[in-house]
Amino acid sequence: MKDKKKSTHVREEKPKLTSEEKHRKIHRKKVAVIFAIALIYLVIVVAAAIVIDDRHVEITLLGDSEQTVEVGVPYADPGAEAYLTGNLFGRMDSAVTLRISGEVNSAEIGDYALEYSASAFGREAVSYRLVHVRDTTPPVITLNHEDGYMASWLVGYSEEGFSAVDNYDGDVTERVIRTEGDDIIYYSVTDSSGNESTVQRVIEYGISEPMIRLEGGEEISYPADFTFTDPGFEAIDESGNDLTAYVQVTGEVKPWIVGSYELNYYIMNEQGETASAKRVVNVVPQPMPDTVVPEEKTIYLTFDDGPGPYTERLLNLLANYGVKATFFVTGNGPDYDDMIGRAYREGHAIGVHSYTHDYSRIYANEQAFFDDFQATEELIYSQTGSYTRLFRFPGGSSNTVSRNYNYGIMSRLARYMTDMGYVFFDWNVTSGDAGETTSTYRVAENVKNGCSEHTVCVVLQHDIKGFSVDAVENIIIWGRNHGYTFKPLDETSFGAHHGTNN
Ligand code: ZN
């Protein structure tokens, strides 16, 4: 329990002051007043100073406020300083903490802003810097050089290659513009920022034209033939490049026509310069054996247009009598082709007649005749393993039917074929089996009568005619009884030429 004190009030009596004490008291009051006034002034002055000083944060950017940097080069900010400063008392030594925001991507062309800020005592300052990331570096062009490369006379300089790389765009090789001047090539390229590079390459040609070397020489002698085969040539330039494949040949040789021809061999390079050579081809007649006309009575039995169904019978008969004859064959009896081989092996002469025996075709032109002729040659070769030089023109060399197809062709063919080394035969005894008669008796009579008028007889019969084949035995017996020898034709034999009429 709290004790309840009894309150007592005591009244003190104030003591009386002396004058000394009064005077002192007044003085103390004066001092206090003066002090108070001074204090007020001081406060006012300090306040005024603070206001006038206006203490605040200030930011100073180091370096230029706008910066330009090359793309790809890391940006190093020059920095900034932040201070508290005022009008009256200036900068304080202790720096205020500075914050920088914003970023410069130096890998990307662009304009970047950096913000610098600082604050103190509730005062804040902000400053900005603009940073330009730019590409001012042109691309770099690199020219390739191949070891030992030399420009060729043919194509001149062939590009060894180049590349272009830009610090910003990367590989810009495809943008390179290549311009060829005389012996100099310019390469230029511009990057996406417009920076241009140009380099040049000086080309040294100095390669003289290749020699075209003609195999066999500049003038050759060429025995007449159906086809001309060039003896060959080669072209090699100074650097050893083989340019043979680029040689063009102009001029024409008709190798079946005896005469002099000129062939021109040339190469034109990309500069339009030419290297050339010339060859004279002298087509000369094939050597021919002299004709030997037998002095004794001779009958050359010749059978045209086979082989056919009666050829085998004929061969049997000839074998029985030991008589050798001549067969001018065609390709018209393919079922009997083997008779060609048999006749050859049994000592008979085989000559070309015609593969088709189609006048309109073989006398249309020289080439058509040659084609047909060569087909027959191949047929003979396939059956005998040997080529023949003997032939007989369908219709004989004196035929006039060829005039319907090509005027003058017989005269030309007779000359060309002879120059090519073929020996053609006509006949001086006709059997009449080609239309005049179908009588075996008449055929035999015709031949016997005809032969009576000649020492050397070349008899024309057709082994595709059975009635004509049937007359042969009679003819052989008659011939032998009258002193004739039966022989096969050869290259020296009497041609019984009629003389051409077209
Ligand atoms: Zn015929």
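Data block above holds the structure.
These remarks concern the structure in this document.

Criteria and thresholds
- Residues numbered from 1 in each chain as written.
- Predicted model: local features only at pLDDT ≥ 70, side-chain atom pairs only at ≥ 80, totals over all residues.
- Heavy atoms only, no water.
- Pairing = 2+ DSSP bridges.
- Helix = DSSP H or I, 4+ residues; strand = E, 2+ residues; numbered from the N terminus.
- Axes fitted to C-alpha atoms, helices over the stretch in contact; angles between N-to-C directions.
- Donors = N, O, S within 2.8 Å, 3.2 Å for Na, K, Ca; no water.
- Buried < 20%, exposed > 50% of the residue type's maximum accessible area, 1.4 Å probe, protein only.
- Core = buried A, V, L, I, M, F, W, Y, C linked by side-chain atoms within 4.5 Å.
- Contact = heavy atoms within 4.5 Å.

**As for the sheet that holds strand 12 (residues 196–202)**
One open sheet accounts for three strands, arranged 10-11-12; its pairing is antiparallel. Bordering the open sheet on either side are strand 10 (177–181) and strand 12, each of which pairs with just one other strand. Taken over all neighbouring pairs, the strand axes of this sheet differ in orientation by 20 degrees on average, direction set aside. Where strand 11 (residues 184–190) meets strand 12, seven bridges bridge the pair, whose relative direction is antiparallel. Within strand 12, the residue paired with I184 across the bridge is V202.

**A few points about the coordination of the zinc ion**
For the zinc ion, the protein coordination sphere consists of D305 (OD), H353 (NE2) and H357 (NE2), at 2.1 to 2.2 Å. Sequence spacing of the donor residues for the zinc ion, all on one chain, is D-x47-H-x3-H. Linking D305 in the loop between strand 19 (298–304) and helix 2 (311–321) with H357 in the loop between strand 21 (349–354) and helix 4 (359–362), this pair joins segments that are 52 residues apart in sequence. Judged on exposure class, the residue D305 and its partner H357 are both buried.

**Regarding the nonpolar core**
Counting residues in hydrophobic clusters, the biggest one holds 72 residues, and the most contacted among them are L301, F369, F393 and M417. For M417, the contacting residues outside a window of four places in its chain are F226, F369, F370, F373, F391, F393 and Y422.

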